[in-house]
Amino acid sequence: MSSVLRKTLTDLTVGDLMIPAEKVAHVQEGNPIEHALLVLVESGYSSVPVLDLEYKFKGTIAKTPILKSVMGMERFEMERLAEIKVEAVMQKDQPTLTEDTDFLTCLKVVINHAFACVTDEQGYFLGILTRRAILKEVNKSMYTTK
Ligand code: 2BA
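Residues numbered from 1 in each chain as written. Predicted model: local features only at pLDDT ≥ 70, side-chain atom pairs only at ≥ 80, totals over all residues. Heavy atoms only, no water.

(A) Geometry of the side chain of Asp52. Note on placement: Asp52 falls in the loop between strand E3 (47-51) and strand E4 (57-62). Within the local environment of Asp52, its side chain forms a polar contact with the backbone nitrogen of Glu54, the two atoms lying 2.9 Å apart. Within the structure, the side chain of Asp52 is placed 2.8 Å from the backbone nitrogen of Lys56, a separation counted as a polar contact. In this structure Asp52 touches Gln28, Glu29 and Lys58, once residues within four positions along its chain are discounted. (Helix = DSSP H or I, 4+ residues; strand = E, 2+ residues; numbered from the N terminus. Polar contact = N/O pair within 3.5 Å; in protein donor to acceptor, adjacent residues only side chain to side chain. Contact = heavy atoms within 4.5 Å.)

(B) The site of the ligand, seen in detail. By nearness alone, 15 residues border the ligand, and Ala25, Ser43, Ser46, Ser47 and Arg132 come closest of all. Ala25 is positioned such that a nitrogen or oxygen atom in its backbone is 2.9 Å from a nitrogen atom of the ligand. Note that an oxygen atom of the ligand is positioned 2.7 Å from one of the backbone N or O atoms of Arg132. About the coverage of the ligand: the protein hides 65% of its 740 Å² of free accessible area. Elements with a minimum of two residues in the shell around the ligand: E3, strand E7 (125-130) and helix H7 (131-144). Here the shell around the ligand is built from residues that sort into seven nonpolar, five polar and three charged. (Near = heavy atom within 4 Å. Areas by Shrake-Rupley, 256 points an atom, 1.4 Å probe, with all protein chains shown as cover. Nonpolar A, V, L, I, M, F, W, Y, C, P; charged D, E, K, R; others polar.)

(C) Structural detail: the UniProt feature "domain: CBS" (unreviewed entry) in the protein chain. Following the UniProt record, the feature "domain: CBS" (unreviewed entry) maps to residues 18-78 here. Structurally, residues 18-78 comprises 30% helix and 25% strand, and the distance from its first C-alpha atom to its last is 35 Å. (UniProt positions renumbered as here; feature names shortened; annotations may be inferred.)

(D) Geometry of the pairing of E7. The buried fraction of E7 amounts to five of the six residues, a majority that puts the element mostly inside the structure. As defined by bridge partners, strand E1 (residues 19-20) adjoins E7 across two bridges and the pair is classed as antiparallel. From the neighbouring strand, Pro20 faces E7, where its bridge partner is Gly127. The turn linking strand E6 (residues 115-119) back onto E7 is made up of five residues, and Gly123 within it adopts a positive phi angle of 90°. (Buried < 20%, exposed > 50% of the residue type's maximum accessible area, 1.4 Å probe, protein only. Pairing = 2+ DSSP bridges.)

(E) View of the sheet that holds E7. Spatially, E1-E7-E6-E5 is the arrangement adopted by the four strands of the open sheet, whose pairing is mixed. Edge positions in the open sheet fall to E1 and strand E5 (96-97), since each of these has one partner strand only.

(F) Spatial organisation of the packing of aromatic side chains. Enumeration over the complete set of coordinates arrives at one aromatic pair. With a centroid separation of 6.3 Å and 65° between ring planes, the pair formed by Tyr55 and Phe125 is classed as edge-to-face. One end of the pair, Tyr55, is in the loop between E3 and E4; the other, Phe125, is in strand E7, with 70 residues separating them in the sequence. Sitting above the plane of the Tyr124 ring, Lys56 keeps its charged end 4.9 Å from the centroid. (Phe/Tyr/Trp six-rings, centres within 6.5 Å; stacked < 30°, edge-to-face > 60°. Lys NZ or Arg CZ within 6 Å of the ring centre and 35° of its normal.)

Okay, here's the thing in structure tokens:
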């Protein structure tokens, strides 16, 4: 039996539910947005984490701000995708969690965010917690508690 099954909802922490860093698609802040768009389109995700060269969490990047940044008066100026850096377009004001963050805090965070990044005390990226992981546990608990 997994640790997730043995615990009640309120005993769960981020560490029980997160997707580890090695399974998460990400880009670096110094990459051109062309690379970020390729990662987003290839992975199928609408938004992914942005890290620095040391693997510290810096923000997230999504398809819509990338496309807005190359939107001209009459057309998308796609040649500019190679000139603009991820750091100029990424969202910086994103919530972060630590592995010991409790379930109720996670539930509140995923109301407004499809995922939140998990970091250690130094800001090194450890993985993500998705809305799907939280909803799965809520759904499971509906069938196991009265
Ligand atoms: P979105 O890309 O907007 O995806 C919304 C939901 O659609 C996902 O919810 C998932 O249920 C489904 N989905 C989208 N693309 C998928 C794919 N390639 N494979 C499987 N399912 C896919 P969540 O699983 O709750 O994920 C929430 C958000 O977390 C995603 O939003 C994405 O921005 C990010 N994310 C999830 N897994 C990721 C990973 N391995 N690497 C990078 N980002 C990830």
